[in-house]
Structure formats: C-alpha cells, structure tokens
Amino acid sequence: QVQLVESGGGTVQAGQSLTLSCVASGAGGSIAVMGWYRQIPGKQRELVAVMDTDGIETYADSVKGRFTVSRENAKNTVYLQMTGLKLEDTAKYFCHAEFHDDARRPLSVFWGQGTQVTVSA
C-alpha cells in the first residue's frame, strides 16, 4: 500500500511563505501525477497544484503565480512552495498521488492524511 506523508504545515501571517513536503513510500512504479489538493469545512476538496512525470504543472487559478509545485521523482517526493499567502489559502492540504493506465486515466489514487495551513491577518 502506498503511503503519503506530508510535512511543513503551520500558521503564518498573510503575505508570508511556507513550503510543504510529501514523501511517498511503497510505490512499486513511477507515480504518474503527484501534487496537492486542499479542503476547508463545507467545501469540496479542490486541486491546488500537481505535476506529471513529464514535468507538466497544473495549478488552480487562485494560486497561479504564488505557488510552485516541484518533484524529485527518484525520491517520490513532491513539494509545494507557497508565497504571498492569503487568508483564503487557509485549509487542510492533502498530498495526492495517481497511477495511470495506458490512456493516462487514473488507475488508483492515494491521499496523505493532510497538514493544516492557517493564514492569519
């Protein structure tokens, strides 16, 4: 079973920066897509930033220009560098990993337990 472990969450003031890390263990092969989602109470979990094995990045419009996702594929590790944090970035952030079929559709999806990011005024 694939395990995803996040670290780096915490409380910061608006305008500050924070970096999250996630390490995947137990992956028998290459992780097709790896990155981050977030969720606040009463809302659906939403994509924040992900990267595929070719280095293609996908970002939520709300974080473009402020957040950067990166991967170290040999270590099955993904990072999220967050700058210019806003109050609305407050959420529980979940590491996300996908394995795909030949048509590049998800075969299986794994989630970390989440790490809280709180942005204060």
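Here's a quick rundown of the structure. (Residues numbered from 1 in each chain as written. Predicted model: local features only at pLDDT ≥ 70, side-chain atom pairs only at ≥ 80, totals over all residues. Heavy atoms only, no water.)

Turning our eyes to something else, we now look at the overall build of the chain. Secondary structure assignment for the chain yields 0 helices and 11 strands. Ordered by position in the sequence, the α and β elements of the chain form the string β-β-β-β-β-β-β-β-β-β-β. What you see for the chain is a C-alpha radius of gyration of 14 Å, in line with the 14 Å of a compact globule of 121 residues. Among the 121 residues that make up the chain, the fraction classed as buried is 41%. (Helix = DSSP H or I, 4+ residues; strand = E, 2+ residues; numbered from the N terminus. Rg over C-alpha atoms; globule rule 2.2 N^0.38 Å. Buried < 20%, exposed > 50% of the residue type's maximum accessible area, 1.4 Å probe, protein only.)

Below, the discussion takes up the nonpolar core. In terms of nonpolar packing, the biggest core is built from 30 residues, with L4, W36, L80, M82 and Y93 touching the most fellow members. For this core, the secondary structure elements donating two or more residues are strand 3 (18-25), strand 4 (33-39), strand 5 (46-52), strand 7 (67-72), strand 8 (77-82), strand 9 (91-100) and strand 11 (115-120). If you tally residues by element for this core, the top one is strand 9, at 5 residues. Apart from the residues lying within four places of it in its own chain, the contact partners of L80 are L18, T19, L20, W36, V48, A49, F67, T68, V69 and Y93. (Core = buried A, V, L, I, M, F, W, Y, C linked by side-chain atoms within 4.5 Å. Contact = heavy atoms within 4.5 Å.)

The term disulfide refers to a covalent linkage connecting the sulfur atoms of a pair of cysteines. This model, assessed by the stated rule, comprises 1 disulfide. Each sulfur in the disulfide pair C22 and C95 lies 2.0 Å from the other. A torsion of -90 degrees about the S-S bond marks the disulfide between C22 and C95 as left-handed. Remark: C95 occurs in strand 9 and C22 occurs in strand 3; sequence separation between them is 73 residues. Each member of the pair, C22 as well as C95, is classed as buried. (Disulfide = S-S within 2.5 Å.)

Moving on: the packing of aromatic side chains. Within the structure shown, the criterion is met by 2 aromatic pairs. Here the aromatic rings of Y37 and W111 are separated by 5.1 Å at their centres, their planes lie at 80 degrees, and the arrangement is edge-to-face. Of this pair, Y37 sits in strand 4 while W111 is found in strand 10 (residues 106-111), placing the two residues 74 residues apart along the sequence. Take Y37: its relative accessible area is 16%, and that puts it in the buried class. Owing to a relative accessible area of 37%, W111 belongs among the partly exposed residues under this scheme. Between the aromatic rings of F99 and F110, the centroid separation amounts to 6.0 Å while the plane-to-plane angle is 90 degrees, which identifies the pairing as edge-to-face. Here F99 is found in strand 9, whereas its partner F110 is found in strand 10, with 11 residues between them in sequence. For the residue pair F99 and F110, the accessibility class agrees, reading buried in each case. The aromatic ring of F94 is capped on one face by R45, whose charged end is 3.6 Å from the ring centroid. Of note, R45 hangs over the ring of W111, and the distance from its end group to the ring centre comes to 4.6 Å. (Phe/Tyr/Trp six-rings, centres within 6.5 Å; stacked < 30°, edge-to-face > 60°. Lys NZ or Arg CZ within 6 Å of the ring centre and 35° of its normal.)

Burial analysis of strand 5 places 5 of its 7 residues in the buried class, the great majority of the element. Both strand 4 and strand 5 contribute to a ladder of 6 bridges, which runs antiparallel. Paired with Y37 across the two strands is L47, which belongs to strand 5. The antiparallel pairing of strand 4 with strand 5 creates a hairpin that spans 6 residues between the two strands, and G42 there sits at a positive phi of about 85 degrees. Examined bridge by bridge, strand 5 and strand 6 (residues 57-59) share 3 bridges and lie antiparallel to one another. Bridge pairing in strand 6 links V50 to T58. Linking two consecutive strands that pair antiparallel, namely strand 5 and strand 6, is a turn of 4 residues; a positive phi of about 85 degrees is found at G55 within it. (Pairing = 2+ DSSP bridges.)

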